[in-house]
Amino acid sequence: MRNLKSRKLENSLFLFFVYAFLFLSIGILSFFFLFLAKESLPLFESVSLPSFLFSSKWNPMAFTGTASFGIFHFLMGSISVSFLALLFSTLLSLGCSIFFAFYFWEQGRRILYPLLDLLSGIPSVVYGFIGLTVGKPLFLKMGVSTGSCILLASVLLSILIFPFMVDSITDSMVKLKAKYFLEARALGLSPAYIILRLILPSSLRSIFMAFLLGSGRALGETMAVMMVVGNANLFPKLLSKGETIASLIALEMGSAEYHSLHYHALYASGLVLLLLVALIHLLVKMGEKPGVLLHIFRFGKKNALQDGISWNASKSSHAVDTDTVTSKSPSVHFPENREEATPRLLITGKRAQASRSFSAVLLFLYSFLSFLLIFSALLFFFLYIFYKGYKVISPSFLLDTPKGMVLGEEGGIFPAITGSLAFSLTALVLSGLPSLFTALFMVFYAKEGKKKESLHFFIHLLSGVPSIVLGLFSYSLFVYQLKLGRSVLSGAIALAIMIFPFMEIRMEKIFEEVPKSYLHSSKSLGCSKGYTLRKLVLPYTLPELLSTMLLAFCFALGATPPILFTGGVAFAKSPTSLLSPAMALPLHLYLLLVQGGSSLSRAYGTALVMLFLLLIGNGIASLLTAYCHRKWQK
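This text gives an overview of the structure that appears in the document. (Residues numbered from 1 in each chain as written. Predicted model: local features only at pLDDT ≥ 70, side-chain atom pairs only at ≥ 80, totals over all residues. Heavy atoms only, no water.)

## Points about the overall build of the protein
Thought 1: Looking only at helices and strands, one finds 22 helices and four strands in the protein.
Thought 2: Counting across all 634 residues of the protein, residues that qualify as buried make up 53%.
Thought 3: Of the roughly 29200 Å² of accessible surface on the protein, a fraction of 66% belongs to carbon and sulfur atoms. (Helix = DSSP H or I, 4+ residues; strand = E, 2+ residues; numbered from the N terminus. Buried < 20%, exposed > 50% of the residue type's maximum accessible area, 1.4 Å probe, protein only. Areas by Shrake-Rupley, 256 points an atom, 1.4 Å probe, with all protein chains shown as cover.)

Below you can see the structure in the form of structure tokens.
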């Protein structure tokens, strides 16, 4: 009897924590969006909305006349850089995905996938570092007057986002291949024909969704773009300087007087950026319902976009009429008269065979070169930083504090290491339980309907919020209004909001992959849902949950914008409390780059230490995930 009562109490407490952390998460996230809108609105009492959006005059420090706030050039800069980056990234990602799905052996794909995850985990400040030290001198040699330009920023940004796009598109193609490839080959279709006429049209929706989600990531990128785009209030041209909204906020937030018109204009700029990201996520949400965006891609029947290639199993013994399979129709049609169809499939001219062979060669070259370019970029990143930075690494560099007339040109980076660990660990503690219990609620308690869809949209929207906007929010609320000042806690709260959707979305996926048979068996034995989650689901998914938390820790470790004005400083001792400021590795790297000169060699060493920490974190996360998958298979 006592055991029954204690079990009921445990279940009640577990359910209480689920709902408590769910409402806490919703409350904090709602407050973030409302606060951003509240701080933006005072601007429009002095500046009209059309003038703010379509004027190119930005002069917040006007000593004579009226200050001007127009973000048209910055808005066009954000859109131009993002669109070009997505164009480059989509072309490369599509080719690499085809190579992974159809030409690469499965075991090799499993080995290289963690490297892609590692590439996606490289801090954007390191990309900017490579852009400054390699890309900018290269563009100077090509005749670009300053080296910094829209094209360089776009190329750098495309490298930053293509790991995500490769992952999304490859998953879709692998599923289609497993479902239809062998059947199509048995019918006499060549691999190139299957890829070009069947798989690609059926993957268009996945490609489009990856493009949209990648655009949300590209629009909010701050450090990598800011370091190479030139930061000039000019209309964006391919080989000239420009500036994005994220760069504008990062460069001017520190000089904006609190609650001044300049301050509110920066908030309004962040709100515009957030609304663009929200529009993209709304399109993604619409794209999840195949009928809604069908008019955009008319490549066949609705079920072809929804389910891939439609096959009629009852007619699979018939030959395929290849004339009916076009680039506009991914469905395979089976004629009733086999004798009419067979000659069309088997009796082909030399010109048609040569054309198909040429297409197959071109397809392979395109996919192989895309794969080669992507992984060459990954290899170059690591080898270049290792070659430039390994000479600096020593016990004194790792364990001393920064010194020198120019701070950082001597001494070490120990306070920056401890500061980064303090920021990331505090953020993980703040967001770990809310993301875990929110994911449990979404998978096991939430009923299908508009409320669940709205919450899903809300969380996915938060995942696309530019990190500089999160830093802006934390800067105003915690540094100024709550008087916490620059501190580990202020920066960690911004980081916690940033990694919350990252962890919640991944944890949802982990819980959804738990075999349904386990849950049904537990229910049939009379176990309550809370007991099943505590005793079965959480213990069995623990390695993968820890892997997700470790990846989130690495994500926070490399983030610069959220701590730029909230907790990170140029010099401080190792933090002794949550209310003290701290150094951080990505911020220290950025400051060393700005100083230049003799500090540059130390910047390479700092970048190498960051990559080494991320390599360890991603390696442990991959091992935990592989262990969990093997356990489920047993």
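## Here's the deal with helix H6 (residues 150-186)
Thought 1: Along H6, the helix axis deviates most sharply at Tyr-180, where the bend reaches about 45°.
Thought 2: The positive-phi residue at the C-terminal boundary of H6 is Gly-188, with phi of around 95°. (Bend = angle between axes of the 7 residues up to and from the residue.)

## Regarding the packing of helix H3 (residues 72-103) against H6
Thought 1: At a minimum axis separation of 5 Å, H3 and H6 run at an interaxial angle of 35°. Crossing geometry of H3 relative to H6 is assigned as right-handed.
Thought 2: Along the lines of polarity and charge, the residues of the contact of H3 with H6 split into 24 nonpolar, nine polar and one charged. (Axes fitted to C-alpha atoms, helices over the stretch in contact; angles between N-to-C directions. Left-handed = near helix turned anticlockwise from the far one by under 90°. Nonpolar A, V, L, I, M, F, W, Y, C, P; charged D, E, K, R; others polar.)

## A short note on the pattern of salt bridges
Thought 1: By the definition in use, this model includes two salt bridges.
Thought 2: Across the pair Glu-39 and Lys-38 runs a salt bridge whose closest N-O atoms are separated by 2.9 Å.
Thought 3: Across the pair Glu-448 and Lys-452 runs a salt bridge, and its minimum N-O distance is 3.0 Å. (Salt bridge = Lys/Arg side-chain N within 4 Å of Asp/Glu carboxyl O.)

## Some remarks on unusual backbone geometry
Thought 1: A positive phi is found at Asn-231, a non-glycine position, where the angle reads about 55°.
Thought 2: Positionally, Asn-231 belongs in the loop between helix H8 (223-228) and helix H9 (245-252).

## Comments concerning the packing of helix H16 (residues 450-463) against helix H18 (residues 488-512)
Thought 1: Where H16 meets H18, the closest approach of the two axes is 8 Å, and the angle between their N-to-C directions is 130°. Taken as axis vectors, H16 and H18 run oblique relative to one another. Crossing of H16 against H18: the hand is left-handed. The residues of H18 that touch H16, namely those facing His-456, Ile-459, His-460, Leu-462 and Ser-463, are Ile-497, Phe-500, Pro-501, Glu-504, Ile-505 and Glu-508.
Thought 2: When its residues are assigned to classes, the contact of H16 with H18 shows six nonpolar, three polar and two charged. (Parallel < 35°, antiparallel > 145°, perpendicular 65-115°, else oblique. Contact = heavy atoms within 4.5 Å.)

## Some remarks on helix H17 (residues 467-481)
Thought 1: The end-to-end C-alpha distance of H17 is 20 Å, a good match for the 21 Å that 15 residues give at a rise of 1.5 Å each.
Thought 2: Of all the bends in H17, the greatest, near 25°, is centred on Tyr-475.
Thought 3: By the criterion of burial, H17 is predominantly enclosed, with 13 of the 15 residues buried. (Expected span 1.5 Å × (residues − 1).)

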